[in-house]
Every structure is written in structure tokens, then in C-alpha cells.
Amino acid sequence: MPERDHLTVTVQRGGPDAPMRPQTFEVPAYDNQTVLDVVSWIQQNADPTLTYRFACRVGMCGSCAMMVNGVPRWTCRTHVSKVLDGNAIEVGPLRNLPVIKDLAADMDPFFDKWVAAEGRHHPTRSRDEEIAPIDPIAAERQEANAGIECINCSVCYSACDTVAGNPDYLGPAALQRAWTLYNDAKDADRDAILDAVSAKGGCHSCHSMGSCTAYCPNELDPLSAIAGLKRATAKRFFGGRK
């Protein structure tokens, strides 16, 4: 046991049918304890009605993302000792998304914006044709590879102040996905991607504050991807190509 025996944990409770309100719990403290461990202890030992979401517990699925002391984090990979404020922590649902209940946020708007950003593959060949060869060291392939480890956790979306102030903004994850596909030699419709990301709420709405890159748990760089889309849309506007 560490020197402290208990932690003071404030959890944001509520949802569409009840205003959000803080509820405080005293939780036993242990060495190497994660924030997800703390939330699970509350649900298992103090209040079984607490609602939250998790799956893999090892930083691969992103479903346990929550706000921890005002910062979006994967709670399974966030050790309590790293985020304690005195002897207390506050946990809430992800920012910029509707709340289903307590700590579970509704991810539908996040994924709807992936669709709006043309974040889907436009194939160059059918399944009956041979797979097209790809040069793994090509510059465009390197740009595409830079964003493919996104696991859709929405941490960057919740960290983004532009999303908070502009509900039409597609957000960093959707735009990073669009940039990945734009640079994929197997994607057949670059113009559709640029049309989507240059429309209302697209890449030019980004204020380049960089919270998306700063808080990405996978150390991706959505800010640079958005900058790439801005360059590509500007070049097309002036009659050029990437």
C-alpha cells in the first residue's frame, strides 16, 4: 500500500434525463492503480448503477477514454499517481460528445463526422482484380502510414477547442483519416475527399492550436494532417495538384 490509504474520487453523474452532478467516493489506494481500476472499484463496491465503458484494458481499443482532471485520457493507461491533485481526482465523460449516462459518451457524432469527411476507402480495383503493388517508401505512403494507428478513441476530438466552439467542425480524427486516404495510392477519389474537407466545418475551420496532437495517446499528429489538407485544397483551388 502507498502512504495514502484512500483516494477522494469525484465522478460526474447524470445524462439526458438528469442534470450532470458530481458525486464523491472514498476509494482504497493501491500501488500501480489506474484510473480505470478506480472507476471499476466504485461500480463493483460502492454504486453498481455507475455507467462507464471499457473493453481491452491494455490501451488497444480506446473505449475507456474519459476526462480525468479536465484532460481526455485512456483511463486504463493512466496511473492514479500521475494525475492526483493532492489526494483527489475528478473523472467525467468525454467532452464535446453527448452523454448517454455518467461516464459513457455517445460516439455517434464522432463517427458521423468520419463519414462526412469521406473517411472511407474509394477502391481503385474490384475484389476480382489483383491487388495493386504499393511502394512502401514512397513519400505519399509515408504520409498515409503516419495516421493509420488511430483507434477512434476520440481523445483528440474531446481535446479540441474548435469542436467545442463549432459543432459543424469535422474534428481532428476525421480529418486525419481523410488525409490518410488522400495519400493512399489505392484510393480512387481524391477530389471527393477534398470536396468534403473544404466544405463547411472542414479543415479550414481548424485554428491550429494543436491540442489534438498534444493529447493523442498514440502520439499521432492530426495537426500536421490537417495542415496537409489545407495545402492540398489550396493547390487544387489555384489549379494545381499535390
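Note that this is a predicted model, so its numbers are computed, not measured.

In this section: the domain arrangement of the chain. If you check the domain split of the chain, you get domain 1 (6-105) and domain 2 (108-237). Here the C-alpha centroids of domain 1 and domain 2 sit 29 Å apart. Each side of the interface is counted separately: domain 1 has 15 residues, and domain 2 has 16 residues. Summed over both partners, the interface of domain 1 with domain 2 comes to about 1100 Å²; 63% of that surface belongs to carbon and sulfur atoms.

So, on to the side chain of E118. As for its placement among the helices and strands, E118 is situated in the loop between α3 (108-116) and α4 (139-145). A distance of 2.6 Å separates the side chain of E118 from the side chain of H122, its partner in a polar contact.

Along the chain, Q12 falls in strand β1 (residues 6-15). At 2.9 Å, the side chain of Q12 forms a polar contact with the side chain of E90. Excluding residues within four positions of it along the chain, Q12 makes contact with M20, R21, P22, E90, V91, G92, P93, D102 and L103.

Below, the discussion takes up the sheet that holds β1. An order of β2-β1-β5-β3-β4 is seen for the five strands of this open sheet, with the pairing classed as mixed. Pairing within the sheet leaves two strands with one partner each, and these edge strands are β2 (18-28) and β4 (71-74). Averaged over all neighbouring strand pairs, the angle between strand axes comes to 30 degrees, with direction disregarded. With nine bridges connecting them, β1 and β2 associate as antiparallel partners. Within β2, the position partnered with V9 by the bridge is F25.

Here we come to the layout of surface pockets. There is about 170 Å³ of room inside the largest pocket. Taken together, G59, V71, P72, R73, W74, R77, T78, Y215, P217 and N218 make up the full set of residues lining the largest pocket. In terms of residue count, β4 provides more of the lining of the largest pocket than any other element does, four residues in total. When the residues that make up the lining of the largest pocket are grouped by side-chain class, the tally is five nonpolar, three polar and two charged. Mapped onto the domain boundaries, the lining of the largest pocket takes at least three residues apiece from domain 1 (6-105) and domain 2 (108-237).

Attention now goes to the pattern of salt bridges. Two side chains with opposite charge may pair up if their charged atoms get near one another. Scanning all chains against the criterion turns up 11 salt bridges. Between D37 and R57 there is a salt bridge whose closest N-O contact spans 3.0 Å. Here the residue D37 occupies a position in helix α1 (residues 35-46), and R57 occupies one in the loop between α1 and β3 (65-68), the gap between them amounting to 20 residues. Residue D37 is classed as partly exposed on the basis of its relative accessible area of 29%. On the accessibility criterion, R57 (38% relative accessible area) is partly exposed. The salt bridge involving D191 is made with R236; its shortest N-O contact spans 3.3 Å.

Following the criterion strictly, the structure yields six aromatic pairs and no others. Between the aromatic rings of F110 and W114, the centroid separation amounts to 6.4 Å while the plane-to-plane angle is 55 degrees, which identifies the pairing as tilted. One end of the pair, F110, and the other, W114, are both in helix α3, four residues apart, so they sit about a helical turn from each other. W114 shares its class with F110; the two are buried. Ring centres of F237 and F238 lie 5.1 Å apart, and the angle between their planes is 90 degrees; on these two criteria the pair is classed as edge-to-face. By relative accessible area, F237 is classed as exposed at 67%. Classification of F238 by relative accessible area gives exposed; the value is 70%. If you follow R190 out to its NZ or CZ, it ends over the ring of Y182, 4.3 Å from the centre.

Here we come to α3. Along α3, the residues classified as buried are F110, K113 and W114. Along α3, the residues classed as buried sweep out an arc of 110 degrees about the axis, all on the same side. α3 presents D112 and V115 as exposed residues on the side facing more than 90 degrees away from its buried surface. As for α3, its buried residues are in contact with α5 (155-159) and α7 (172-182). In the stretch just after α3, E118 is the one whose phi turns positive, near 60 degrees.

What counts and how
- Residues numbered from 1 in each chain as written.
- Predicted model: local features only at pLDDT ≥ 70, side-chain atom pairs only at ≥ 80, totals over all residues.
- Heavy atoms only, no water.
- Domains from an automatic or database assignment.
- Contact = heavy atoms within 4.5 Å.
- Buried area = accessible area lost by both parts, 1.4 Å probe.
- Helix = DSSP H or I, 4+ residues; strand = E, 2+ residues; numbered from the N terminus.
- Polar contact = N/O pair within 3.5 Å; in protein donor to acceptor, adjacent residues only side chain to side chain.
- Pairing = 2+ DSSP bridges.
- Axes fitted to C-alpha atoms, helices over the stretch in contact; angles between N-to-C directions.
- 1 Å grid on protein atoms, 1.4 Å probe; cavity = no way out; pocket = protein on both sides within 12 Å on 5 of 7 lines; lining within 4 Å.
- Points joined across faces, edges and corners; volume = space filled by probe spheres on them.
- Nonpolar A, V, L, I, M, F, W, Y, C, P; charged D, E, K, R; others polar.
- Salt bridge = Lys/Arg side-chain N within 4 Å of Asp/Glu carboxyl O.
- Buried < 20%, exposed > 50% of the residue type's maximum accessible area, 1.4 Å probe, protein only.
- Phe/Tyr/Trp six-rings, centres within 6.5 Å; stacked < 30°, edge-to-face > 60°.
- Lys NZ or Arg CZ within 6 Å of the ring centre and 35° of its normal.
- Arc of directions from axis to C-beta.

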